[in-house]
Structures are given as structure tokens and as C-alpha cells.
Amino acid sequence: MDTTLQTNTIACYKKGYTAVLTAEETGETVVPDRMPDIGMIANTGACVLLRSKEATDGNVTMQAEIQVCVLYIPDGEAGLRALNLSLPCTASFDSPEITQECIPEGLMRVCGVEARLLNPRKILVKAEVAAELVCYTRAEASYCKGVSQETGNLVQLHSTMAKFSTVAAVCERTFVVTDEYALPSTAAGGEVVRKNAQFRVEDVKTIANKLIVKGTMLSEVLYTTEGGTIETASFGTVFSQIVETDSEDISPDARVMLMATGMYYEIVAGENGPTLSVELHGVCQVAAMAQHEIEFVSDAFSNRCACDVEYNPMGVITQSRVSTQRETVRDTVPCKSAVSQVRFATCTVGRVTVNGDSVSARVDVELCVAYETGVDDCVSRRIEVNFQGDGDASAVLCADNVRCTDVYAVPAGNAAEIRFAVEADLRTETVCSLETVSAIHLDEERPCTQDRPSLTVVRAGGSLWELARKYGSTVDLIRQINELEEDTVPQGSVLFVPRERF
């Protein structure tokens, strides 16, 4: 006879296919007729804009645009010139785990970009992009909370309390951030030649089914001046976005993935001088968590007849922690001769690698310097920055976001001193399996033999449930006869264990 179980079901989302892959794109560009020949390529930078992502059975495709800026020193002339080009980029993930019904969330990051001179009027650009994908599917977490009244007197049930989290909602929202930033008067009539934006999530709150995400967009631009030089500007813009979910039971513990889909930076004339007008379009992707506290049936036995119990493992997140680590880097970048001025310095996070309980981020440092001889030059350096997890071997560590901030550089003889900070948003998740009873089969034609004594004296420790199962008793009987308040006893305790009577 099968016992009818009373079950509860929690609607949730399951994290399915996850992967990180790299895509490499190449393209050529020529120097416009109005610009001089290329003498030497000085610096190459890029940003990536997400255009679309689409899931079909067996595949997720992410489309993006890589915006590249190449700075070069003209042949026989001073100063820097800028060439811009766009490269289409496609990241294709293939797996039988992917279905059309899954919800993909993804980020793309430029890992590296370089330009090679083909001739004085043409260059070849190669960019490498890392694409990160997480697919979620609708799921249910079911557990047994009891049995029907008809068979309840035939079985003994052991219940366990558990606290855990599930992914309650997966959704996204597009947004726009605007700002104006005052520039020096020398920027009048200039133009933006390179731009980039990073996001720092600083606070997440919930109101009913809504997540309120607050943070700062960190902008960095290179622009030309009226004197023909290239300068840099960095600033932060505070933003706040409300993301509506399909769940009323969400917590502030959420994974937030922000990515730019369009950047429009322009220098405009104003009454008080030139202003940088900023309009950034982006997408906010959210996996919102819900916290649960349940009591479920984890074991069963019968003192009356043969009993066969089946179990169903329920995978849950028992702990989810997000921490932001910050490392300040100081370094010296050698130059060819004495430096009189650092015109600008940029630091870009490239490849990010998770190795067990640590995260390694590659940072590309680029500096444009002016020598005392009046010659401009660009120098670079690659630095590895490491972050350590909390040492929990059972947890899974991932880097939600890594960014560079507070870049500062000054001349230092035949070198330039660079200082910057690298911030990493690290998420640690501990996943476990709760063994919940999924079926109880009773065979009343095979009654339990009553060869146990009516009362047993034991020297034992541990749980009363183990004693009840071993000696044909119940937890309530052992607790009552021994006047116990707890379900566990110290090792070596002397207990009376009565047999259950029918």
C-alpha cells in the first residue's frame, strides 16, 4: 500500500547551462583623406555594446558591437590622431541543455584589442571579447510535509527544519542614464574620440514585487581640444532603476548584471563653457532570490509492518553572499626619456578568471606622455590583480563585476607613476541537497516481528529518532519516559527505550 503524502511546492527558477567563451573579431580601416599618414600606432582601446540575445532549442546567440578607437602618431607631425571603427561581434553557445523556453542573461567584456599597421593609410584591428552566459528555466521545489490521516498511525515521521534560498524571478529592463559634465574651455569645438562606461551597484532594496537597484555609472572619455591635443575626463553618474518581477516574495539578495547597449557622448557649447552631454542606454538583468524556512519530512519507518521509503534530493542554495573587494595598485611604467607631462592614463579590465577560491583580473594600463623634448608617446603595461575568496571549499565563487576606478598618473623621471583601484563584486553561493521523503510503501501483509523487549536500557547518545527506529519505539515515548526536552542527548547517557504498543 502506498501512503498518500502531503506535499508543498515552491515555484522557482533553476540555473541551468552556464558558460564563458571568447569571440575574436577582426576588421580593417583606412585613414580619411583629411588626416595625415600613420607614423606609429600609439594606443588602441575598445568598448562593447550588447545588441541582442536570443534563445532557441540548443543555442543562445548574443549579438554585440565593438567600438574601437586607435590613436596614432602622424608621420612627421606632433600630437595624436584618432581613428574609430565598429566591429560586429557574435557569441554563439551550443548545448542540448538550452531550450527555447529558457531565459538567458549575459555579459560581454573586451578582453584585449590590438591594431597592426598594414601601410601608412591602412590598419588591421583585432579584438577579443569574453561572453558570459547564464540560462534559467522554470522549476519547482517540492517537499513532503506529512502523510494522510488514513495511514498516519502506521508510520513514524522525522521532520527537519531548513532555511534556504531559491531564484524566485528572472527578468530584465532597459534603461537610460543621462548627465552633463563641465569640461575645460580648451574643449570648445572638440569631439569625443573614445568612451567607456562601467557600473557599480551599491544598493538593492525591495518593495513588494519590485527591486530598486541603485549605483553609479563610471564614465571615462578621451576628447580632442582646440589645440589638437587629446585629453581625458572621468566622472560618476548616480542612477536608480526599478525592476518589476513576477514574484511577490523576493529579497534584496539578487544577482544584478548591467550592460551598456548604446553610448552617446557629445561635446556641446554652453553659456558657461563646453559641456559633455551623456546619454547611455543599457539593460538591467536581474535574478532575484527568495528566502524560505520550511519543515519537511526527511525520514520515515514503521513499527507495524514492512516499510520501504524513497527519497528525492532537492537542490537549494543554503547561503548566498556578495562582497566587494578593493585592491589599490601602484606601479611605475618605464618611458623612453624624461617625462614632462602625463596627458592621460586609462586602465581597462581584460580577462577575468575564477580559479577555485580566487579571482584573477588582467588590467591593461595605457598612458599618453609628453617628453621634455616635446615628443608625445604612448606606453603600456599589463598587471594581474588577484582577489581571494572566503575559504569556503564547499561554496562556488563567481565574479559578478570587476572594474577600475580612481586612475591617477604623474611623471617620475624617465617613467610615469600610475595609481588606480580595482574593485571586484564577488558572489559566493553554497548549494546543498535536502533529502525529502518522496514515497512510502507499506506492506501490511508483512507485519513487524515483536521480538523486542517492552523496555530496553541503553547507554547511547545522539538523536532520539535513531533510537526509536532501532528499538521499535517512538520519539515521543522516549522523551516522555525519560523526561527529556530535547531530541538529542549527550554521548554516554543512560536511557529507557519503551517498545511502541498497538
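Located above this text is the structure these notes cover.
Given the structure is predicted, the values throughout are model-derived calculations rather than measurements.

What counts, and at which threshold
Residues numbered from 1 in each chain as written. Predicted model: local features only at pLDDT ≥ 70, side-chain atom pairs only at ≥ 80, totals over all residues. Heavy atoms only, no water. Helix = DSSP H or I, 4+ residues; strand = E, 2+ residues; numbered from the N terminus. Rg over C-alpha atoms; globule rule 2.2 N^0.38 Å. Buried < 20%, exposed > 50% of the residue type's maximum accessible area, 1.4 Å probe, protein only. Contact = heavy atoms within 4.5 Å. Areas by Shrake-Rupley, 256 points an atom, 1.4 Å probe, with all protein chains shown as cover. Pairing = 2+ DSSP bridges. Axes fitted to C-alpha atoms, helices over the stretch in contact; angles between N-to-C directions. Phe/Tyr/Trp six-rings, centres within 6.5 Å; stacked < 30°, edge-to-face > 60°. Core = buried A, V, L, I, M, F, W, Y, C linked by side-chain atoms within 4.5 Å. Parallel < 35°, antiparallel > 145°, perpendicular 65-115°, else oblique. Nonpolar A, V, L, I, M, F, W, Y, C, P; charged D, E, K, R; others polar. Patch = residues over 30% accessible without salt bridge, like charges linked within 9 Å, V, L, I, M, F, W, Y side chains within 5 Å. Salt bridge = Lys/Arg side-chain N within 4 Å of Asp/Glu carboxyl O. Polar contact = N/O pair within 3.5 Å; in protein donor to acceptor, adjacent residues only side chain to side chain.

### Thoughts on the overall build of the chain
In step 1: The number of helices and strands found in the chain is two helices and 20 strands.
In step 2: Its C-alpha radius of gyration of 32 Å places the chain more than 25% over the 23 Å reference for a compact globule of 502 residues.
In step 3: Here the C-alpha coordinates of the chain stretch approximately 105 × 45 × 45 Å along the principal axes.
In step 4: By residue count, 50% of the 502 residues in the chain fall in the buried class.
In step 5: Partitioning the contacts of the chain with sequence separation of at least 6, the portion at a separation of at least 24 is 77%.
In step 6: Carbon and sulfur atoms make up 45% of the accessible area of the chain, which amounts to about 23,900 Å² in all.

### A word on the sheet that holds strand S16 (residues 376-388)
The strands making up a sheet associate through backbone hydrogen bonding, with each pair oriented either parallel or antiparallel.
In step 1: If you walk across this open sheet you meet the three strands as S14-S15-S16, and the pairing is antiparallel. Strands at the two margins of the open sheet, each flanked by one partner only, are strand S14 (339-355) and S16. Ignoring which end each strand starts from, the neighbouring axes of this sheet average 15° apart.
In step 2: Bridge count between S14 and strand S15 (residues 358-371): 13 bridges; the pairing is antiparallel. Bridging across to S15, Ala345 finds its partner in Leu367.

### Looking at the pairing of S16
In step 1: One ladder, built from 13 bridges, connects S15 with S16; its direction is antiparallel. Bridged to Val369 within S16 is Asp377.

### A few points about the packing of aromatic side chains
In step 1: As enumerated under the stated definition, the model contains five aromatic pairs in all.
In step 2: Taking 6.3 Å as the distance between ring centres and 10° as the angle between the ring planes, the aromatic pair formed by Phe175 and Phe239 counts as stacked. Of this pair, Phe175 sits in strand S7 (residues 156-182) while Phe239 sits in strand S10 (residues 230-244), placing them 64 residues apart in sequence. The same class applies to Phe175 as to Phe239, namely buried.

### Focus: the nonpolar core
In step 1: Of all hydrophobic cores here, the largest spans 39 residues; its most connected members are Ile66, Phe93 and Met108.
In step 2: Contributing elements (two or more residues each) for this core: strand S1 (5-30), strand S2 (38-56), strand S3 (59-74), strand S4 (81-94), strand S5 (103-119), strand S6 (122-147) and strand S11 (254-268).
In step 3: Setting aside its immediate chain neighbours within four residues, Met108 contacts Val48, Leu50, Met62, Ala64, Cys89, Ala91, Val129, Ala130, Ala131 and Met259.
In step 4: Counting 37 residues, the second-largest nonpolar core is a separate cluster that includes Val177, Val243, Ile250 and Tyr265.

### So, the packing of helix H1 (residues 464-471) against helix H2 (residues 475-482)
To describe two helices that pack against each other, one gives the angle between their axes and the distance between the axes.
In step 1: Between H1 and H2, the least distance of the axes is 8 Å, while the angle of their chain directions is 110°. By the angle between their axes, H1 is roughly perpendicular relative to H2. Contacts from Leu464, Trp465, Leu467 and Ala468 of H1 reach H2 at Val475, Ile478 and Arg479.
In step 2: Of the residues contributing to the contact of H1 with H2, the split by class is six nonpolar, no polar and one charged.

### Observations concerning the environment of Val268
In step 1: The residue Val268 is located in strand S11 in this model.
In step 2: For Val268, a relative accessible area of 31% puts it in the partly exposed group.
In step 3: Considered as a pair, Val268 and Glu180 are 88 residues apart in the sequence and their alpha carbons are 9.7 Å apart.

### Digging into a nonpolar patch on the surface
In step 1: Taken together, the side chains of Leu455, Val457, Ile481, Val494 and Phe496 make up a nonpolar region of the molecular surface, amounting to roughly 420 Å² of accessible area.
In step 2: Counting residues per element, the ones that place at least two in the nonpolar patch are strand S19 (455-463) and strand S20 (488-498).
In step 3: Summarising the element assignment, Val457 is placed in strand S19.

### Quick word on the sheet that holds S2
In step 1: Across the sheet, which stays open at both edges, the three strands sit in the order S2-S3-S4 with antiparallel pairing between neighbours. Because the sheet does not close on itself, it has two edges, and the strands there are S2 and S4. Ignoring which end each strand starts from, the neighbouring axes of this sheet average 15° apart.
In step 2: Relative to S4, S3 runs antiparallel, the two being bridged by 14 bridges. Residue pairing across strands places Glu65 opposite Pro88, the latter belonging to S4.

### Structural notes on the environment of Asn414
In step 1: Mapped onto the elements, Asn414 comes out in the loop between strand S17 (395-411) and strand S18 (415-447).
In step 2: Spatially, the C-alpha atom of Asn414 lies 76 Å from that of Leu464, the residues being 50 residues apart in sequence.
In step 3: Excluding residues within four positions of it along the chain, Asn414 makes contact with Pro334, Cys335, Ser337 and Ala338.
In step 4: At 3.0 Å, the side chain of Asn414 and the backbone nitrogen of Ala338 are in polar contact.

### Overview of the pattern of salt bridges
In step 1: Enumeration according to the criterion identifies 29 salt bridges in this entry.
In step 2: Notably, a salt bridge pairs Glu28 with Lys122, separated by 3.7 Å at the nearest N-O pair. Highlighted residues: Glu28 in strand S1 and Lys122 in strand S6, separated in sequence by 94 residues.
In step 3: On the basis of relative accessibility, which here comes to 51%, the residue Glu28 falls in the exposed class.
In step 4: Lys122 gets classed as partly exposed once you look at its relative accessible area, which sits at 27%.
In step 5: A salt bridge links Arg469 to Asp299, with the nearest nitrogen and oxygen atoms 2.8 Å apart. Linking Arg469 in helix H1 with Asp299 in strand S12 (residues 275-301), this pair joins segments that are 170 residues apart in sequence.
In step 6: The exposure class assigned to Arg469 is partly exposed, which follows from its relative accessible area of 36%.

The values reported here are purely geometric and, on their own, carry no functional implication.
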